[in-house]
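Commentary on secondary and tertiary structure
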Amino acid sequence: MKRTPSVVLGLCSYTHDSSAALLVDGELVGFVEEERLSAQKHTKIYPARAVGWLLDQTKLGAADVDAVAYNFQPARYLAESPAALRMALSPTARDRSLARAHGFAKVALRTRRRLRVLGSQFPSARVTPVLHHRAHQLTAFAASGWEEAAVLVVDSLGERQTTTIAHGHGVQRPRVRPLEAINDPASLGYVYGAVTEHLGWRRGDEEGTVMALAALGDPARFRHLFNRAVRTTAAGFRIDPGYFPTRTLTSGYPRTSRRFVAEICPERHPSEPLTDVHRDLAAALQERTEQVMVHLARRARVLTGSRRLCVGGGVATNCVSIGKIVEAGIFDEVFVPPAPGDAGTAIGAALAVHVDGRSRRPLAGIARSCYLGPSYEGQPLDLTPWPSLRQKTLGIETAEFLADQLAHGTIAGLFQGALEAGPRALGNRSILASPLEPGVVERLNATVKFREPFRPFAPMVPAERADEFFTLGQPAPYMSMASGVTDTTRERVPAIVHANGTSRLQTVTRSQNPFMHAVLTAFGRRTDVPVLINTSLNVKGKPICGTPEMALDCLADSGLDALLLERRWITK
């Protein structure tokens, strides 16, 4: 008789954004992305550091793991091969049908081998592959803490699925009932990635840059093209392969067609300057993405009848689209988990194994939790490798001290408490600056973050004062929604308003992050504006700093003025 698994390790590995999560008797011990510990952004290697930290936290070894939950099912890939061969009958897809069939079969076999490798590392564990979109759904729904909600997942590809709608129920034992699915090659994430690459940025990494650029362009120029290329249907959408050729999962096949190039522009090299055609292309892509996302949200409302929506998948990181869903008033409230992308599926995969098992233990530690990674409080700090840095230990009024420094124009890194989950810095691994300081956005982009000058910076505000500055009208704890702004914001803090009139907002409560709430309140007392710029503690091309060493490198190698590292004020 099989033992009910009590130690479940969830893994995202071997594709991109490797991560690990650990459930012990239904309680989430922790979650961390491997890049935050290895300093290799979007790494796909087995998350050895993440797994090691999780097991150390519980004083367990590999032999104590009862179940390993993996975030893909190989058989679902294999099922696509016959369908791909049938594409040979289509004039627009026949040239890729064999490559597509071969590519999906190859990934299926590769995934099976990976499951065997994982099994060999955990001798007592049963390795369970979990449907990718189910892992996304469970991550999004369980993190909401709601008893019931619609769940919409939109990404590039999970086995065969690209878009799913489900209905979530239950807090202590969350379950998601699938209602509708859209399969590849209809993929919104694929299209956004293809255009990102066409514009000269890294697909799977710099889609946010395209979203920022879109605010500077005119969508009307290519609106009709995207309406043809991405057509909405009663149940979702479909993609015209005449513009975005069918995916193959094999290298060497471009994601945009000759027709696309002829009707828009040649592919831009990263070293080439940006022109109006690039801005207009980004604007049209973003506009169509927002329209399709709102369309899918309406579909989720019809299918579930729910007044609340959880959104997951890589496209859920498109904060402007999420803001459009909120503005549409389709739901009373919209929720995006702190880690909506593939990294977060490590949590969802572990949840799937737990709820499918016989354990009656309720889940804990997941709902509304984002600070899930390693903490370095109380550890000694040796600055010998950074001889140019100096430190002093602060007293109990650390929040007041930091607020005062920020009010006087200091740009400071903040490294405190447990590491955030997901792609956004949420006040524990952040770079903070006063939005009232002249030229602060230009300085941050040019000398601190080393990124494009049109990129905006997100504001954070105490939740109880959010309505004074932002029009979103609901909590935004994980910086996942773009909000309109009030006249007060436009007049007093224009630095946080992007060209499209929105800000990617983070609302902070005292219970969520007591220290950051105290800093915002203290800054507000000094300036009468309780709003700070919050961007991630990293520079372009590097992951968020998950370790003290990474944070000290960031201070030493960038234009940061100082770093507050666990009550130590470190300067150059």
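The structure under discussion appears in the preceding block.
Residues numbered from 1 in each chain as written. Predicted model: local features only at pLDDT ≥ 70, side-chain atom pairs only at ≥ 80, totals over all residues. Heavy atoms only, no water.

A closer look at the overall build of the protein chain
Across its full length, the protein chain carries 19 helices and 21 strands. For a compact globule of 572 residues, the expected C-alpha radius of gyration is about 25 Å, and the protein chain comes in at 23 Å, within 12% of that figure. The C-alpha extent of the protein chain, read off along each of the three principal axes, is 70 × 65 × 45 Å. Put simply, the protein chain has 572 residues, and 60% of those count as buried. Long-range contacts, defined here as pairs at least 24 residues apart, represent 71% of the contacts in the protein chain between residues at least 6 apart. Between the centroid of the 68 positive side chains of the protein chain and the centroid of its 55 negative side chains there is a distance of 7 Å. (Helix = DSSP H or I, 4+ residues; strand = E, 2+ residues; numbered from the N terminus. Rg over C-alpha atoms; globule rule 2.2 N^0.38 Å. Buried < 20%, exposed > 50% of the residue type's maximum accessible area, 1.4 Å probe, protein only. Contact = heavy atoms within 4.5 Å. Lys, Arg positive; Asp, Glu negative; His and termini not counted. Charge placed at Lys NZ, Arg CZ, Asp CG, Glu CD.)

A short note on the pattern of salt bridges
On inspection of all chains with the given rule, the structure shows 30 salt bridges. Of the charged contacts, one joins R100 and E80 as a salt bridge, the two residues approaching to 3.0 Å between their closest N and O atoms. Taken as a pair, R100 in helix α5 (residues 94-121) and E80 in helix α4 (residues 80-86) lie far apart in primary sequence, 20 residues in all. Among the residues examined, R100 registers a relative accessible area of 0% and is labelled buried. With a shortest N-O distance of 2.9 Å, R307 and D332 are connected by a salt bridge. Taken as a pair, R307 in the loop between α11 (276-304) and β11 (308-312) and D332 in the loop between α12 (319-328) and β12 (333-335) lie far apart in primary sequence, 25 residues in all. On the basis of relative accessibility, which here comes to 33%, the residue R307 falls in the partly exposed class. Residue class for D332 comes out exposed when judged on its relative accessible area of 55%. Where salt bridges share partners, they join K41, R202, D205, E206, E452, R455 and K540 into one cluster. (Salt bridge = Lys/Arg side-chain N within 4 Å of Asp/Glu carboxyl O.)

Brief notes about the packing of aromatic side chains
Tallied over the full model, the rule gives 12 aromatic pairs. Seen in terms of ring centroids, Y376 and F415 are 5.9 Å apart; in terms of plane orientation they differ by 50°. Their pairing is tilted. Here Y376 is found in the loop between α13 (345-356) and β13 (390-393), whereas its partner F415 is found in strand β14 (residues 412-415), with 39 residues between them in sequence. By relative accessible area, F415 is classed as buried at 0%. Considering the side-chain rings of F401 and W569, the 5.0 Å spacing of their centres and the 85° angle between planes classify their relative orientation as edge-to-face. Within this pair, whereas F401 is found in helix α14 (residues 398-407), its partner W569 is found in strand β21 (residues 568-571), the two being separated by 168 residues in sequence. Judged by relative accessible area, which is 7%, W569 ranks as buried. Through a chain of ring-to-ring contacts, three or more aromatic side chains come together here, namely Y14, Y70, F72, Y77 and F104. The positively charged end of R429 is found above the aromatic ring belonging to F415, 3.7 Å away from the centroid. (Phe/Tyr/Trp six-rings, centres within 6.5 Å; stacked < 30°, edge-to-face > 60°. Lys NZ or Arg CZ within 6 Å of the ring centre and 35° of its normal.)

Considering the sheet that holds β12
A sheet is described by the order of its strands in space; here five strands give the open sequence β8-β7-β6-β11-β12, paired in mixed fashion. For this open sheet the edge positions go to β8 (175-183) and β12, each flanked by a neighbour on one side alone. Across this sheet, the average inter-strand angle for adjacent strands is 20°, counted without regard to direction. Where helix α6 (residues 132-144) meets the sheet, it contacts β6 (148-158), β7 (161-169), β8, β11 and β12, and its direction lies at approximately 140° from that of β6. (Pairing = 2+ DSSP bridges. Axes fitted to C-alpha atoms, helices over the stretch in contact; angles between N-to-C directions.)

Things to note about the sheet that holds strand β19 (residues 532-536)
Reading across the sheet, the nine strands line up as β13-β21-β20-β14-β15-β19-β16-β18-β17 and stay open at both edges, with mixed pairing between neighbours. In the strand order of this sheet, the two ends are held by β13 and β17 (481-484), each with one partner. This sheet shows a mean twist of 35° between the axes of neighbouring strands, independent of strand direction. When β17 meets strand β18 (residues 502-508), the two strands line up antiparallel, connected through four bridges. Within β18, the residue paired with G484 across the bridge is T502. The strands touched by helix α19 (residues 548-557) within the sheet are β14, β20 (562-565) and β21, with β20 carrying the most contacts at an inclination of about 165°.

Some details on the pairing of β6
With nine of 11 residues buried, β6 is to be regarded as a mostly interior element. As judged from the eight bridges shared by β6 and β7, these two strands associate in the antiparallel manner. Bridging across to β7, V154 finds its partner in T163. Where β6 folds back on β7, the antiparallel hairpin that results is connected by two residues, among which E159 adopts a positive phi of roughly 55°.

So, empty space enclosed by the protein
Here the structure, examined in full by the defined rule, presents four cavities of 30 Å³ or more. Taken as a whole, the largest cavity encloses approximately 90 Å³ of empty space. Contributing to the lining of the largest cavity are L28, T139, A143, P337, P338, A339, I347, G365, I366, S369, L372 and A421. Partitioned by chemical class, the residues of the lining of the largest cavity number nine nonpolar, three polar and no charged. By volume, the second largest cavity is sized at about 50 Å³. What lines the second largest cavity is simply E333, V334, F335, V336, R368, Q474, P475, P477, Y478, S480 and M481. It is β12 that provides the largest number of residues to the lining of the second largest cavity, a total of three residues. Tallied by class, residues from the lining of the second largest cavity come to seven nonpolar, two polar and two charged. (1 Å grid on protein atoms, 1.4 Å probe; cavity = no way out; pocket = protein on both sides within 12 Å on 5 of 7 lines; lining within 4 Å. Points joined across faces, edges and corners; volume = space filled by probe spheres on them. Nonpolar A, V, L, I, M, F, W, Y, C, P; charged D, E, K, R; others polar.)

Structural notes on the nonpolar core
One finds F226, F244 and L309 to be the most contacted residues of the largest nonpolar core, which totals 125 residues. The leading source of residues in this core is α11, at 11 residues. Discounting chain neighbours no more than four positions away, the residues touching F226 are V195, F244, F260, I264, L281, A284, L285 and R288. In terms of nonpolar packing, the next biggest core, distinct from the first, is built from 44 residues, F31, W146, A350 and A421 among them. (Core = buried A, V, L, I, M, F, W, Y, C linked by side-chain atoms within 4.5 Å.)

Some points on the environment of A328
Within the secondary structure, A328 sits in helix α12. Using a relative accessible area of 33% as the deciding quantity, one classes A328 as partly exposed. Along the primary structure A328 and F237 are separated by 91 residues, whereas in three dimensions their C-alpha atoms are 19 Å apart. Beyond its immediate chain neighbours, meaning those up to four positions away, A328 contacts V294 and R298.

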